[in-house]
Amino acid sequence: MTASSALPYQRLHVELDARRYPIHVGPGLLDAPEMLVPYLAGRQVMIVTNEAVAPLYLERLKRTLSGDERDVREVILPDGEHTKTLASVERIWDALLAAGFNRRCTLVALGGGVIGDMAGYAAACYQRGVAFMQVPTTLLSQVDSSVGGKTGVNHPRGKNMIGAFWQPRAVLIDTDTLATLPGRELSAGLAEVIKYGLIQDVDFLAWLEARMPALRGLDVEALTEAILRSCAIKAEIVARDETEQGQRALLNLGHTFGHAIEAHQGYGNWLHGEAVGAGMLMAATLSQRLGWLAAEDMVRVETLVAAAGLPVMVPAAMSADDFLAAMRLDKKNIDGRLRLVLLSDLGEACVYDDTPPDMLKALLAEFPRA
């Protein structure tokens, strides 16, 4: 990580050889052209945002990217997980074509994970691939979806089932944007932060236990440290396994259960991070039943998830069969075998495809519901 003497920001990189790119983290970066302009492919820029974020930050970003005869346009999409569809991506392509944008254009995703995923997928496909950058404005997108190049849309039968790996040229995280984040969205982002401690860094997990009140109170120092440590862990894993052939799957702790909740409940009724929070508890409970986690470990996991303001129960309307039907569509599954990310210990995760079917079904039937 490096720091600038001119701006109070820190920087780390995703190391992908020739496609190496920076993650800039700090306050006020939306107004710093030097953080973004060097990574533009040409003079054509399309900002992709939504109706919730545009009134807050669009004009600032347009000012930052304007100048030097650049043609800066925008496409403003509806807000919400339910909009993460091919129809929304087509609106981005329509805007690019209407503006006559060529292969040297750059898409800039301004918003949360839904916007980042759709803008990235639009960039991956437009004229067979154009540049894009991430300017995430939610904690969840800052610590997770903006980093690593996973892009795509949902299908009614499964989350993120259509997409591509397409890396951004840069990620700009302006920590000031968290001041406008609703409390529920903040908690959703904390689920992904907790995930990093559970899968790889038990010291970070302990740090989160001590700092959770500060994080939920929007303490800038604590949030910045949480973002940096989360991004550093993800960048390290992505550098080793960009297209999820092995270790990158560990980043999906809780996601197989969580995606099932999202699909069953209808996208957007449970926030992604809320579903992941409950899903991590389910994964930890299964890990305990397999004999890998002690009772006191489970207490730590449940206490931290609850302290973040996340659900510790699953929807009452979901049966074990509902879970299994959705989980069978998970992208990690191979040759019909259900592969789950579980905890061999706190701070250590594994991909496991040998869960006894009766044990899994019992967990799905017995897990607390609300």
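Residues numbered from 1 in each chain as written. Predicted model: local features only at pLDDT ≥ 70, side-chain atom pairs only at ≥ 80, totals over all residues. Heavy atoms only, no water.

**Digging into the UniProt feature "domain: 3-dehydroquinate synthase N-terminal" (unreviewed entry) in the protein chain**
Stage number 1. The UniProt feature table records "domain: 3-dehydroquinate synthase N-terminal" (unreviewed entry) at residues 75-187.
Stage number 2. End C-alpha to end C-alpha, residues 75-187 measures 28 Å, and it is 34% helix and 29% strand. (UniProt positions renumbered as here; feature names shortened; annotations may be inferred. Helix = DSSP H or I, 4+ residues; strand = E, 2+ residues; numbered from the N terminus.)

**Description of the environment of Gly112**
Stage number 1. Summarising the element assignment, Gly112 is placed in the loop between strand E6 (106-111) and helix H3 (113-125).
Stage number 2. For Gly112, a relative accessible area of 16% translates into the label buried.
Stage number 3. Sequence spacing of Gly112 and Ala320 is 208 residues, and the spatial spacing of their C-alpha atoms is 31 Å. (Buried < 20%, exposed > 50% of the residue type's maximum accessible area, 1.4 Å probe, protein only.)

**Focus: the confidence of the model for the protein chain**
Stage number 1. Mean pLDDT over the protein chain works out to 95, with 98% of the residues at or above the 70 mark.
Stage number 2. Scored below 50 in pLDDT, residues 1-5 shows 10 contacts in the model against residues more than four places distant or in partner chains. (pLDDT = per-residue confidence, 0-100. Contact = heavy atoms within 4.5 Å.)

**A word on the UniProt feature "domain: 3-dehydroquinate synthase C-terminal" (unreviewed entry) in the protein chain**
Stage number 1. In the numbering used here, UniProt assigns the feature "domain: 3-dehydroquinate synthase C-terminal" (unreviewed entry) to residues 189-333.
Stage number 2. Helix makes up 68% of residues 189-333 and strand 0%. Its end C-alpha atoms lie 26 Å apart.

**Description of the pairing of strand E11 (residues 340-345)**
Stage number 1. The sheet contact formed by E11 and strand E12 (residues 348-352) spans 5 bridges and is antiparallel. Bridge pairing in E12 links Asp345 to Glu348.
Stage number 2. Counted along the chain from E11 to the antiparallel partner E12, the turn is 2 residues long, and its residue Gly347 has a positive phi close to 90°. (Pairing = 2+ DSSP bridges.)

**Things to note about the pattern of salt bridges**
Stage number 1. Counted according to the given criterion, the structure contains 24 salt bridges.
Stage number 2. Arg70 serves as the salt-bridge partner of Asp68, at 3.5 Å between the closest nitrogen and oxygen.
Stage number 3. Relative accessible area serves as the criterion here: at 58%, Asp68 is assigned to the exposed category.
Stage number 4. Since its relative accessible area comes to 17%, Arg70 is described here as buried.
Stage number 5. Here Asp201 makes a salt bridge to Arg229, at a shortest N to O gap of 3.9 Å. With Asp201 in the loop between helix H5 (183-200) and helix H6 (202-216) and Arg229 in helix H7 (residues 220-240), this pair connects stretches of sequence that are 28 residues apart.
Stage number 6. Under the relative-accessibility criterion, Arg229 is labelled partly exposed at 22%.
Stage number 7. Overlapping salt bridges bring together Asp144, Glu192, Lys195 and Lys234 as one network. (Salt bridge = Lys/Arg side-chain N within 4 Å of Asp/Glu carboxyl O.)

**Let's talk about empty space enclosed by the protein**
Stage number 1. A complete count under the given rule lists 1 cavity of 30 Å³ or more for this structure.
Stage number 2. Approximately 100 Å³ is the volume found for the largest cavity.
Stage number 3. The wall of the largest cavity is formed by 13 residues, among which Lys159, His259, Ala326, Leu329 and Asp330 lie closest to the centre.
Stage number 4. Ranked by residue count, the leading element in the lining of the largest cavity is helix H8 (residues 255-265), at 4 residues.
Stage number 5. Of the residues in the lining of the largest cavity, the class split is 6 nonpolar, 3 polar and 4 charged. (1 Å grid on protein atoms, 1.4 Å probe; cavity = no way out; pocket = protein on both sides within 12 Å on 5 of 7 lines; lining within 4 Å. Points joined across faces, edges and corners; volume = space filled by probe spheres on them. Nonpolar A, V, L, I, M, F, W, Y, C, P; charged D, E, K, R; others polar.)

**Some details on helix H9 (residues 272-289)**
Stage number 1. Taking 1.5 Å of rise per residue, 18 residues should cover 26 Å, and H9 covers 26 Å from first to last C-alpha, within 8% of that figure.
Stage number 2. Summarising burial for H9: 16 of the 18 residues are buried, a large majority.
Stage number 3. Positive phi appears at Gly291, one or two residues downstream of H9, with a value of about 90°. (Expected span 1.5 Å × (residues − 1).)

**Notes on the packing of aromatic side chains**
Stage number 1. One pass over the structure, following the stated rule, counts 3 aromatic pairs.
Stage number 2. Each ring, one from Trp93 and one from Tyr121, has its centre 6.5 Å from the other, and the planes form 50°; the classification is tilted. Residue Trp93 is found in helix H2 (residues 86-98), and its partner Tyr121 is found in helix H3; the two are separated by 28 residues along the sequence.
Stage number 3. Taking 4.9 Å as the distance between ring centres and 80° as the angle between the ring planes, the aromatic pair formed by Trp292 and Tyr352 counts as edge-to-face. Taken as a pair, Trp292 in the loop between H9 and helix H10 (295-307) and Tyr352 in strand E12 lie far apart in primary sequence, 60 residues in all.
Stage number 4. Residue classification places Tyr352 among the partly exposed positions, given a relative accessible area of 21%.
Stage number 5. In this structure, Lys195 packs its charged tip against the face of Tyr196, placed 4.6 Å from the ring centre. (Phe/Tyr/Trp six-rings, centres within 6.5 Å; stacked < 30°, edge-to-face > 60°. Lys NZ or Arg CZ within 6 Å of the ring centre and 35° of its normal.)

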